[in-house]
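Each chain, letter by letter, is given below.
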Amino acid sequence: MQSDYIINLPVLKTHIQTVVSLGIKNLKGMIDIPSRKRCHNMTPGKDLHFWVSRLADPMPPIFTLIDGIYTNERGPGPDGRLHRTNVLVASADVLSADM
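Everything in this summary refers to the structure shown in the same document. (Residues numbered from 1 in each chain as written. Predicted model: local features only at pLDDT ≥ 70, side-chain atom pairs only at ≥ 80, totals over all residues. Heavy atoms only, no water.)

Looking now at unusual backbone geometry. Positioned with a positive phi, Asn86 is a non-glycine residue whose angle comes to about 55°. Take Asn86: its relative accessible area is 52%, and that puts it in the exposed class. (Buried < 20%, exposed > 50% of the residue type's maximum accessible area, 1.4 Å probe, protein only.)

Below, the structure is given as structure tokens:
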């Protein structure tokens, strides 16, 4: 949080609660463990979607490179299936990268 710039390197994969896990959700790794756990609740209006949508707000500029060379369907659990898709997405705007 005290840096001039963030390099964000998420892997393209599906996610059981957010459907996909891309650049913005990858920023969840920037917060402490208790805060991460609080994100996973089922309270209407304060669920994982609510908290993930706010992760990029307090951040310095972010360069995002989404690695989709192999995508993980139903991952990252043991029943995930890898597919070679040869996709890389790069943007200085994390929301644009995700879209």
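The rest of the description comes next.
Before going further, it helps to spend a moment on the environment of Glu73. Summarising the element assignment, Glu73 is placed in strand E4 (residues 62-73). Taking the C-alpha atoms as reference, Glu73 lies 9.3 Å from Val20; in sequence the two are 53 residues apart. When residues no more than four places from it in sequence are discounted, the contact partners of Glu73 are Thr14, Gly80, Arg81 and His83. (Helix = DSSP H or I, 4+ residues; strand = E, 2+ residues; numbered from the N terminus. Contact = heavy atoms within 4.5 Å.)

A full pass over the atoms with the stated rule returns one aromatic pair. Between Phe50 and Trp51, the aromatic rings sit 4.7 Å apart at their centres with planes inclined by 85°, giving edge-to-face as the arrangement. Assessed through its relative accessible area of 34%, Trp51 is described here as partly exposed. (Phe/Tyr/Trp six-rings, centres within 6.5 Å; stacked < 30°, edge-to-face > 60°.)

Side chains of Tyr5, Ile7 and Leu9 sit close together on the surface and give an oily, nonpolar patch of about 320 Å² of accessible area. Mapped onto the fold, Leu9 is located in the loop between strand E1 (6-8) and strand E2 (11-15). (Patch = residues over 30% accessible without salt bridge, like charges linked within 9 Å, V, L, I, M, F, W, Y side chains within 5 Å. Areas by Shrake-Rupley, 256 points an atom, 1.4 Å probe, with all protein chains shown as cover. Salt bridge = Lys/Arg side-chain N within 4 Å of Asp/Glu carboxyl O.)

Before going further, it helps to spend a moment on the environment of Leu22. Inspection of the secondary structure puts Leu22 in the loop between strand E3 (19-21) and helix H1 (23-26). Exposure remark for Leu22: the relative accessible area of 10% places this residue in the buried category. Distance from Leu22 to Met99, taken between C-alpha atoms, is 9.3 Å for residues 77 residues apart in sequence. Ignoring sequence-local partners within four residues, the contact set of Leu22 consists of Pro10, Leu12, Ile66 and Asp98.

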